[in-house]
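Examination of the molecular architecture
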Amino acid sequence: MRIGAGYDVHRFAESGQLRLGGVEIAEAPALIGHSDGDALIHAVIDALLGAAGEGDIGEHFPPGDPATAGIDSRELLTRVMRLVAARGYRVVNVDATVIAERPRLRPHIAAMREALARDLGVEAGAVNVKATTNEGLGAIGAGEALAAHAVALLDEGEG
Ligand code: MG
């Protein structure tokens, strides 16, 4: 068994549509990023890479690389899962926390769990997504940015 932790933060744009956990969420603007800015998927990717002993997301997908400009982060997650499988690991479970003042995430949690589970090759019950606010503190509390933490547990063997 191997455990990994991941963290990411992205600033909100003025417009566009939020993509989080692979789900389109109409009630908040897009997150600014080299890819689609999906901070939750990026935190999950770093947790997976950490558990596999494979460095971090910036090493595998360097910011500024034209090949990944605007890319759907689910595609990045799929590529990382190929690497995880090639190393002989499968996902046991993933737990994540999104910290954001906006939008209200509860109505979207089930869809995020399902999208992530599909990409991770596990049942939705093996993916937990929690949401909290920053109690109005700092840039996240002011609704200027959204952060995500994730932990992933891997085990040896086929999924
Ligand atoms: Mg990121």
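The structure reproduced in this document is the subject of the present report.

Quick notes on helix H4 (residues 109-120)
- With 12 residues, H4 ought to run about 16 Å at 1.5 Å a step, and its terminal C-alpha atoms sit 16 Å apart, in line with that.
- Inspection of H4 places Ile109, Met112, Ala115, Leu116, Ala117, Asp119 and Leu120 among the buried residues, and these make up the whole buried set.
- Against strand E2 (18-20), strand E3 (23-25), helix H1 (39-52), helix H3 (73-86), strand E4 (89-99) and strand E5 (127-132) lie the buried residues of H4.
- Following H4 by one or two positions, Gly121 adopts a phi angle in the positive range, close to 70 degrees.

Re the coordination of the magnesium ion
- Within the first shell, the magnesium ion binds the protein through Asp8 (OD), His10 (NE2) and His42 (ND1), at distances of 2.1 to 2.3 Å.
- For the magnesium ion, the donor residues sit on a single chain with the sequence spacing D-x1-H-x31-H. A residue pair is termed long-range when its members are at least 10 positions apart, and Asp8 in strand E1 (residues 2-11) and His42 in helix H1 qualify at 34 residues. Like Asp8, the residue His42 is buried in the burial classification.

What counts as what
- Residues numbered from 1 in each chain as written.
- Predicted model: local features only at pLDDT ≥ 70, side-chain atom pairs only at ≥ 80, totals over all residues.
- Heavy atoms only, no water.
- Helix = DSSP H or I, 4+ residues; strand = E, 2+ residues; numbered from the N terminus.
- Expected span 1.5 Å × (residues − 1).
- Buried < 20%, exposed > 50% of the residue type's maximum accessible area, 1.4 Å probe, protein only.
- Contact = heavy atoms within 4.5 Å.
- Donors = N, O, S within 2.8 Å, 3.2 Å for Na, K, Ca; no water.

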